[in-house]
Amino acid sequence: MNYDDLWKLDHEHVMQTYGRQPVAFVRGDGARLWDSEGKEYLDFLSGLATVSLGHAHPEVADAIADQARTLLHVSNLYLNDQQPKLAERLDLLLTSATGTAGQVFFANSGAESNECAIKLARRHGQANGGPERFHVVSAYNSFHGRTLTTLAATGQPQKQETFQPLPTGFRQVEFADIDALRAAMDERVCAVLLEPVQGEGGVQAAPPGYLEAVRALCDEREALLVLDEVQTGLGRTGKWFGFEHSGDVRPDIVTMAKALGNGMPIGACWARRDVAAAFKPGDHATTFGGQPLAARAALTVLDVMERENAPGRAEQRGKQLMQELAAIPEVVDVRGLGLLVAAELAEGIAAASVASACLGAGLVVNAVTPTSLRFAPPLLVTEAEIDRGVAILREVVRGVA
Ligand SMILES: *Cc1c(COP(=O)(O)O)cnc(C)c1O
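This text gives an overview of the structure that appears in the document. All figures in this text were calculated on a predicted structure; none of them were measured in a lab.

1. Describing the layout of surface pockets
Alright, step 1. Considered as a void within the structure, the second largest pocket measures approximately 610 Å³ in volume.
Alright, step 2. In this structure, the second largest pocket is lined by 25 residues; those nearest its centre are Gln83, Val104, Phe105, Phe279 and His284.
Alright, step 3. Of all the secondary structure elements, the ones that give two or more residues to the lining of the second largest pocket are α4 (83-98), β4 (102-107), α5 (110-129) and β12 (267-272).
Alright, step 4. Looking at which element gives the most residues to the lining of the second largest pocket, the answer is β4, with four residues.
Alright, step 5. Of the residues belonging to the lining of the second largest pocket, the class tally is 15 nonpolar, eight polar and two charged.

2. Notes on the packing of aromatic side chains
Alright, step 1. Summed over the entire model, instances satisfying the criterion amount to three aromatic pairs.
Alright, step 2. Ring geometry for Phe25 against Tyr41: centres 5.1 Å apart, planes inclined by 85°, an arrangement best described as edge-to-face. Within this pair, whereas Phe25 is found in strand β1 (residues 25-29), its partner Tyr41 is found in strand β3 (residues 40-43), the two being separated by 16 residues in sequence.
Alright, step 3. Residue classification places Phe25 among the partly exposed residues on the basis of a relative accessible area of 35%.
Alright, step 4. Classification of Tyr41 as buried rests on a relative accessible area of 4%.
Alright, step 5. Ring geometry for Phe241 against Phe243: centres 5.8 Å apart, planes inclined by 15°, an arrangement best described as stacked.
Alright, step 6. Among the residues examined, Phe243 registers a relative accessible area of 2% and is labelled buried.

3. Notes on the site of the ligand
Alright, step 1. Close contacts around the ligand come from Ser109, Gly110, Ala111, Asn114, Phe143, His144, Gly145, Glu195, Asp228, Val230, Gln231 and Lys258, and that covers them all.
Alright, step 2. One of the backbone N or O atoms of Ala111 is found 2.8 Å from an oxygen atom in the ligand.
Alright, step 3. Between the ligand and the protein, one listed contact pairs an oxygen atom with a side-chain N or O atom of Lys258 at 2.6 Å.
Alright, step 4. Alone, the ligand offers 380 Å² of accessible surface; in the complex the protein occludes 80% of this.
Alright, step 5. Top contributing element to the shell around the ligand by residue count: α5, with three residues.
Alright, step 6. Split by residue class, the shell around the ligand holds three nonpolar, six polar and three charged.

4. With respect to the sheet that holds strand β10 (residues 224-228)
Alright, step 1. Judged by pairing direction, the sheet is mixed, and its seven strands sit side by side in the order β4-β12-β11-β10-β7-β5-β6 without closing on themselves. Since the sheet does not close on itself, it has two edges, and those belong to β4 and β6 (170-173), each with one partner. Each adjacent strand pair in this sheet contributes to an overall mean axis angle of 20°, direction not counted.
Alright, step 2. With four bridges connecting them, strand β11 (residues 253-256) and β12 associate as antiparallel partners. Note that in β12 the partner of Met256 across the bridge is Ala268.
Alright, step 3. Each of β4, β11 and β12 touches α4; the most contacted strand, β4, lies at about 130° to it.

5. Quick look at the environment of Phe170
Alright, step 1. Within the element layout of this structure, Phe170 appears in strand β6.
Alright, step 2. Judged by relative accessible area, which is 16%, Phe170 ranks as buried.
Alright, step 3. When near neighbours in sequence (up to four residues on either side) are disregarded, Phe170 contacts Ile118, Arg122, Val136, Thr149, Ala152 and Ala153.

6. Some words on the nonpolar core
Alright, step 1. Core analysis: the biggest nonpolar cluster contains 83 residues, and Leu90, Leu234, Phe241, Leu325, Phe375 and Leu393 have the highest contact counts within it.
Alright, step 2. Both domain 1 (3-57 + 309-400) and domain 2 (71-308) contribute no fewer than three residues apiece to this core.
Alright, step 3. Filtering out sequence-adjacent residues up to four positions away, Leu393 remains in contact with Leu325, Ile328, Val354, Cys358, Leu363, Leu373 and Phe375.
Alright, step 4. By size, the runner-up hydrophobic cluster in this structure holds 24 residues, among which are Ile118, Ala121, Leu193 and Cys269.

7. Topic: the environment of Gly312
Alright, step 1. Its place among the elements puts Gly312 in helix α12 (residues 310-326).
Alright, step 2. Relative accessible area serves as the criterion here: at 16%, Gly312 is assigned to the buried category.
Alright, step 3. On a C-alpha basis, the gap between Gly312 and Arg335 in space is 18 Å, while along the polypeptide they are 23 residues apart.

8. Notes on the packing of helix α13 (residues 351-360) against helix α14 (residues 383-400)
Alright, step 1. At their nearest, the axes of α13 and α14 sit 9 Å apart, and the two run at 130° to each other. Considered as vectors, α13 and α14 are oriented oblique to each other. Pair α13 / α14 crosses with right-handed handedness. Residues Ser353, Val354, Ala357 and Cys358 of α13 touch α14, and the partners they reach there are Leu393, Val396, Val397 and Val400.
Alright, step 2. Each residue belonging to the contact of α13 with α14 can be placed in one class, and the counts come to seven nonpolar, one polar and no charged.

9. Some remarks on the pattern of salt bridges
Alright, step 1. Under the counting rule described, the total for this entry stands at 25 salt bridges.
Alright, step 2. Where Asp303 meets Arg89, a salt bridge forms, and the shortest distance between an N and an O atom there is 2.9 Å. Taken together, the residues span a long stretch of sequence, with Asp303 in helix α11 (residues 292-307) and Arg89 in helix α4 at a distance of 214 residues.
Alright, step 3. One continuous salt-bridge network, built from bridges that share partners, spans Arg215, Asp219, Asp252, Arg272 and Asp274.

The rules behind each value
- Residues numbered from 1 in each chain as written.
- Predicted model: local features only at pLDDT ≥ 70, side-chain atom pairs only at ≥ 80, totals over all residues.
- Heavy atoms only, no water.
- 1 Å grid on protein atoms, 1.4 Å probe; cavity = no way out; pocket = protein on both sides within 12 Å on 5 of 7 lines; lining within 4 Å.
- Points joined across faces, edges and corners; volume = space filled by probe spheres on them.
- Helix = DSSP H or I, 4+ residues; strand = E, 2+ residues; numbered from the N terminus.
- Nonpolar A, V, L, I, M, F, W, Y, C, P; charged D, E, K, R; others polar.
- Phe/Tyr/Trp six-rings, centres within 6.5 Å; stacked < 30°, edge-to-face > 60°.
- Buried < 20%, exposed > 50% of the residue type's maximum accessible area, 1.4 Å probe, protein only.
- Near = heavy atom within 4 Å.
- Polar contact = N/O pair within 3.5 Å; in protein donor to acceptor, adjacent residues only side chain to side chain.
- Areas by Shrake-Rupley, 256 points an atom, 1.4 Å probe, with all protein chains shown as cover.
- Pairing = 2+ DSSP bridges.
- Axes fitted to C-alpha atoms, helices over the stretch in contact; angles between N-to-C directions.
- Contact = heavy atoms within 4.5 Å.
- Core = buried A, V, L, I, M, F, W, Y, C linked by side-chain atoms within 4.5 Å.
- Domains from an automatic or database assignment.
- Parallel < 35°, antiparallel > 145°, perpendicular 65-115°, else oblique.
- Left-handed = near helix turned anticlockwise from the far one by under 90°.
- Salt bridge = Lys/Arg side-chain N within 4 Å of Asp/Glu carboxyl O.

The analysis is restricted to geometry; functional conclusions fall outside its scope.
Take a look at the structure:
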């Protein structure tokens, strides 16, 4: 089917909640994509930081096909032979990053992983601090998902307005302002929820010392520190987890999703063991979460990431990308960690226009703010592909400026 036919079907039958770019992708390979008209693209967005090992990764594809022929799904009324193995692997990664062993709940998306984190934090808070301790403090400009509860935690009033009333017990403070956070921390607060790098908020990394100070404040006020690593987790920032760029942070709960299945929908909420113990059988559940297919895909993703040193690759290629972006005359600032990068454009250049011109020129990036572009290529992107992508951008930006 060509683009026009697909567009017509979409507008007729799909709820129109997205302002989509005018392209329909049909095939991928590594950092490359092809659209319905056969045109090739370099993908510097990876399905929103999700396809970290690249499109159609052969090992992941084989594992998915094999598991599909073996066992897809049995529900969580029974154990399956993939979920506990994946839990062990994630727990090992987080135990080594936090120094504390924990346990994992599997969900199907980032929002659901955060939903689990919020329910767990409330349960833990009320069990330890009484019925009033259920409030969650997050940051302005954050993004935690689009379910009603994660929307209540998402510090973007314009996204919340149309869905009032939202669940209560959520408030936001300025990101990176420890005094503002301290002022918001009364005895009702059960958790502070933050992204180590605000991804949707424009690729804004926590400044040095901030997360450490939040940790100390949480300890002082008996609140849990919940880190939303849905976008930053699993190698994207050049380390396994975004918080590992800071010193002593030791989050109590960490959520993950995007990169975990390399495109298979799966999310995870990890919690320190004594925090996880606040959930009793029956407290939380999902039909699909941690099913054999998604768990097998994620196990294979972790295998490949470890073998290929995906975090190390992200760090190296990220440095290259940031250097090359900074050398473009119309780029006034470059920020980010590893391969989660944003380029701020010179005054008067609209990022949305540059992003759509890039698409026309065969480069997939997105305008993460009105004035900046986001880059999140696959972590295994090559040196030559970074060169090529930046060269396309350089030409495009010159034409638009
Ligand atoms: C994408 C994202 C989410 C939401 O994930 P979904 O899978 O879209 O529900 C939550 N938090 C962060 C930090 C994200 O980047």
